[in-house]
Amino acid sequence: MAWVATSLARKLVVRLSLVLGGVSILFLVLLVVLYRQQMLRTQGEVLSEVNGLLRVSLENAMLKRDLPGLRDIVRRLGERPDIVSVMIVNPDREVRFASHEHDLGRVLTAAVEEDCVDCLGEPNALSPTTRMISMAGDGDILRSIVPVPNRAPCKECHGDASEHPVNGVLVVDQAASGIRRQALTSFAVLGFSGLFVILLVGGAGAALLRADVVQPISRLYDASRSLSDGHLDTRVSIAGKDELAELGASFNEMAARLESSLKAIRERESFLQAMIDAIPDGIRVIDEDYNVVMVNSAYRGQQRSDVENLVGQPCYAAHGRDEPCIPTLETCPFHALGDGEMLKYMHRHIDASGKEIIVETTADRIVRRDADGRERVLIVEAMRDVGQQVRYSQEQRLAELGQLATGIAHEVYNPLSSVRLGLQALLRQSEKDAGLSEKTVDYLRLVDGEVTKCIEVTNRLLSLSLPPSKHLQLVSLKQVIDDTTSLLRYEAEQRGIDVDLRLGSEDARIFATESEMRMILLNLVQNAFHAMPDGGTVTIARDVEDGFVELSIGDTGVGIPAETLAHIFDPFFSKRADREQGTGLGLTIVKAVVARYRGKISIDSQVGVGTTFTLRFPEAGTGEIPGMQPDETT
């Protein structure tokens, strides 16, 4: 049945065949019954005519009192192959003459013929009858009953006709098996003919149904499946002007409208996505079930993931959680936002690589109605990566230093270079001309040396302001330390701070960028100066151990309390010992740059004793780092 149920054509053919078969069987049974009755009627009429002729012969024999001749007629008639028995019964139902001797003298009653109830009828009835009866041992037989009326010549033996209208009854039993065989044969012929007609009509009907109904519906079905799979250009072609053709035209019109509507929706979605992608801050939209329904490219960059992995996931997954945030422990905009207000807070997110990022989030909520008319609340969050903001701040500071260095180069470097050229010209002239005294020449050489030192200071400032290189460089820590401390020498003297360098005899190199290493050292040394408002000692030490270069910057300042120590690398956190307000970005930048060069930074501080920052970098012993392309032009 499942094979039939999965195909409209098979269902139509089977149902049509069942209907045709049922109707054909009904008409066949009715036809066989009518045919049998008609055959019985015809057979009875023929038998009645034969019996009528036989009755006349019997009457003549009885009138002539030719009893032997009468017995012979009954015997010969009973010997016919289709005749079961022939009997002549008197009005008292007693068999007087019979084709079978065992029937002579028998009285025909229901008690004698168990299967025949009133099968003889009324003996005095004058009308002949023919009926189908069932006899024990003989089965169904066709019994013909022909009364022999009492005539005037018979009055002498049988009395007056008014009192005895019937002299006797001629009973002829004919076997009905031939009639049954003929009926069964006719039934079989009609049955096979009907089956052939059913198959012929069913086949023709199935072919017509397939051509006019099933195939158009199948094309509509295939087209609808293709449309549901996203092929919006699908159309169906059904010839004709009937209902199915009109249905096909309606389907094509619906598909065209659907394609146009979806195209407009996709264009609006594309415009909306492009618009929020243009926003530099990370954007995500959250529904009432805490699921992310939309993100922009900046948020994908923050999470280092594709949109397929972000849209649909719960918002708290960005916090590394498996369940919604607890509102009392972490800011949740669904609980904290009120009507008509915005919310600003800090969150810690975990990106796809497992790295923790700090984002400054601004949230607001919007209310829209869905297709069912139900109001839905959505939260829109704008998130700014604080670490990225720190990098932008660092680049801005470098750019400002670059502008300062450029100004120094124009305002100081060029005049100093001209002075130095003039001095060197005088010194060369003094070597040729002895007009200048030796003391004057010594003064000129002293001035030339000091001008050279001033030019070197401008060169260090220019090196400090250079933007980071895109390629790693071999950086000499000794050179970086010497240049940076020389820039800070005057400030150290003014603050009463001694700078103690413990660099060792051998130089150490690491893969980094020289400008950023100068920026790191400058930040840490200046922080040490700020921690010693009453003066002290800054110790800069360098050591090489087990393939790593350690650089430590220690001070004898006020130290950092334990509750403050946990936040010193947080963006915008500033708490200087000299009570000046800083940007709170210096140490955040230092930590980010050190991590970029696969280094580590640690801190050891005691209140009232001092603080030591230790930087640890891989030593550039092999000349390259896997995955990096060093630039050895420095």
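Here, residues in each chain are numbered from 1, in the same order as that chain's written sequence. The model is predicted, so local features are restricted to residues of pLDDT at least 70 and side-chain atom pairs to those at 80 or more, both for listing and for counting; the totals for chains, interfaces and linings are taken over all residues. Values shown for side chains rest on all heavy atoms present in the structure; no hydrogens or waters enter the calculation.

Caption draft 1: Summary view of the confidence of the model for the protein chain. As a per-residue quantity, pLDDT reports the predictor's confidence and falls between 0 and 100. For the protein chain, per-residue confidence averages 77 on the pLDDT scale, and residues scoring 70 or more make up 74% of the total. Note on residues 111-119: pLDDT is under 50 here. Beyond four places in sequence and across chains, it has 21 contacts. Only heavy atoms enter the contact rule, under which two residues are in contact if any of them lie within 4.5 Å.

Caption draft 2: View of the packing of helix α14 (residues 514-530) against helix α16 (residues 586-596). Interhelical geometry of α14 versus α16 gives an angle of 140° and a closest axis separation of 10 Å. Both α14 and α16 take part in a crossing whose hand is left-handed. For the pair α14 and α16, the contacting residues are Glu516, Ile520, Asn523, Leu524 and Asn527 in the first and Gly586, Leu587, Val590, Val593, Val594 and Arg596 in the second. Any residue that is not Ala, Val, Leu, Ile, Met, Phe, Trp, Tyr, Cys, Pro, Asp, Glu, Lys or Arg is counted as polar, Gly included; the first ten are nonpolar and the last four charged. Tallied by class, residues from the contact of α14 with α16 come to 6 nonpolar, 3 polar and 2 charged. Convention adopted: a line fitted to C-alpha atoms gives each axis, helices being fitted over their contacting stretch, and angles between N-to-C directions are expressed from 0 to 180 degrees. Comment: elements are numbered from the N terminus, with helices defined as DSSP H or I runs of at least four residues and strands as E runs of at least two. Two helices crossing with the near one rotated counterclockwise from the far one by less than a right angle form a left-handed crossing, whereas a clockwise rotation gives a right-handed crossing.

Caption draft 3: Region of the structure containing the sheet that holds strand β12 (residues 497-502). Taken in spatial order, the 5 strands of this open sheet run β12-β14-β15-β17-β16, and their pairing is mixed. Across the chains shown, the open sheet's two edge strands, defined by having one partner strand only, are β12 and β16 (600-606). For this sheet, the mean inter-axis angle between neighbouring strands, taken without regard to orientation, is 15°. Following DSSP output, two strands are said to pair if at least two bridges run between them. Here 6 bridges tie β12 to strand β14 (residues 536-545), and the two strands are oriented parallel to one another. Bridging from a neighbouring strand, Asp498 pairs with Thr537 of β14.

Caption draft 4: Seen up close, the packing of helix α12 (residues 477-487) against α14. The contact between α12 and α14 brings their axes to 10 Å, and the two run at 55°. Here α12 lies oblique to α14, going by the angle between them. In this structure, the crossing between α12 and α14 has a hand that is right-handed. Touching Leu477, Val480, Ile481, Asp483 and Thr484 of α12 are Glu514, Met517, Arg518, Leu521 and Leu522, all from α14. Along the lines of polarity and charge, the residues of the contact of α12 with α14 split into 6 nonpolar, 1 polar and 3 charged. Relative orientations are named as follows: roughly parallel for angles under 35 degrees, roughly antiparallel for angles over 145 degrees, roughly perpendicular for angles from 65 to 115 degrees, and oblique for any other angle.

Caption draft 5: Region of the structure containing a negative patch on the surface. Surface patches are defined over residues having more than 30% relative accessible area and no salt bridge, joining like charges when they lie within 9 Å and nonpolar side chains (Val, Leu, Ile, Met, Phe, Trp, Tyr) when within 5 Å. Every accessible area reported is derived by Shrake-Rupley at a probe size of 1.4 Å, with residue values counting cover from the shown protein chains alone. Basic side-chain nitrogens of Lys or Arg form a salt bridge, by our definition, when they fall within 4 Å of a carboxyl oxygen of Asp or Glu. Under the counting rule used here, the positive set is Lys and Arg, the negative set is Asp and Glu, and His together with the chain ends is not counted. Just so you know, the charge point we use is NZ for Lys, CZ for Arg, CG for Asp and CD for Glu. Residues Asp212, Asp242, Glu243 and Glu246 make up a contiguous surface patch of negative charge. With respect to the secondary-structure elements, Glu243 resides in helix α6 (residues 243-277). Classification of Glu243 as exposed rests on a relative accessible area of 63%. Only protein chains enter the accessibility calculation, which uses a 1.4 Å probe; a residue is then buried when its area is under 20% of its type maximum, exposed when over 50%, and partly exposed in between.

Caption draft 6: Structural context of unusual backbone geometry. The phi dihedral of Asp546 is positive, around 55°, even though this residue is not glycine. Looking at the element boundaries, Asp546 is found in the loop between β14 and β15 (548-555). We note that Arg598 has phi near 60°; this positive angle belongs to a residue other than glycine. As for its position among the elements, Arg598 is in the loop between α16 and β16.

Caption draft 7: Spatial organisation of the pattern of salt bridges. Under the definition given, this model contains 19 salt bridges. When the shortest N-O distance is used, the salt bridge between Arg502 and Asp500 registers 3.0 Å. Ionic contacts of the salt-bridge type, sharing partners, join the residues Asp483, Glu514 and Arg518 into one network.

Caption draft 8: Expanded view of the state of the cysteines. Two cysteine sulfur atoms make up a disulfide if the distance between them is within 2.5 Å. For the coordinates displayed, the defined rule picks out 0 disulfides. Free cysteine Cys332: the closest other cysteine sulfur is in Cys325, separated by 6.4 Å. Exposure remark for Cys332: the relative accessible area of 11% places this residue in the buried category.

Caption draft 9: Structural context of the packing of aromatic side chains. Centres within 6.5 Å make a pair out of two Phe, Tyr or Trp rings, where for Trp the six-membered ring is used; the pair is then stacked when the planes are under 30 degrees apart, edge-to-face when over 60, and tilted otherwise. A full pass over the atoms with the stated rule returns 1 aromatic pair. Between Tyr290 and Phe334 the ring centres are 5.4 Å apart and the planes differ by 75°, which places this aromatic pair in the edge-to-face class. Here Tyr290 is found in the loop between β6 (282-286) and β7 (292-295), whereas its partner Phe334 is found in helix α9 (residues 333-336), with 44 residues between them in sequence. Under the relative-accessibility criterion, Tyr290 is labelled partly exposed at 22%. For Phe334, a relative accessible area of 22% translates into the label partly exposed. Across the ring face of Tyr597, the terminal group of Arg596 is positioned such that the distance to the ring centre comes to 5.8 Å. In this scheme, the term charge over a ring applies when either NZ of a lysine or CZ of an arginine sits within 6 Å of the ring centre and within 35 degrees of the ring normal. The ring of Phe548 carries the charged tip of Arg616 above its face, separated from the ring centre by 4.3 Å.

Caption draft 10: Looking closely at the pairing of β14. In this structure, β14 lies alongside β15, joined through 8 bridges in antiparallel fashion. Opposite Ala541, over in β15, you have Ser552 as the bridge partner. Here β14 hands over to β15 after 2 residues, with Asp546 in that stretch at a positive phi of 55°.

Caption draft 11: Region of the structure containing a nonpolar patch on the surface. Taken together, Val19, Val23, Phe27 and Leu30 make up a surface patch of nonpolar side chains, about 380 Å² in accessible area. For Leu30, the location among the structural elements is in helix α2 (residues 8-63). The class of Leu30 is partly exposed, set by a relative accessible area of 47%.

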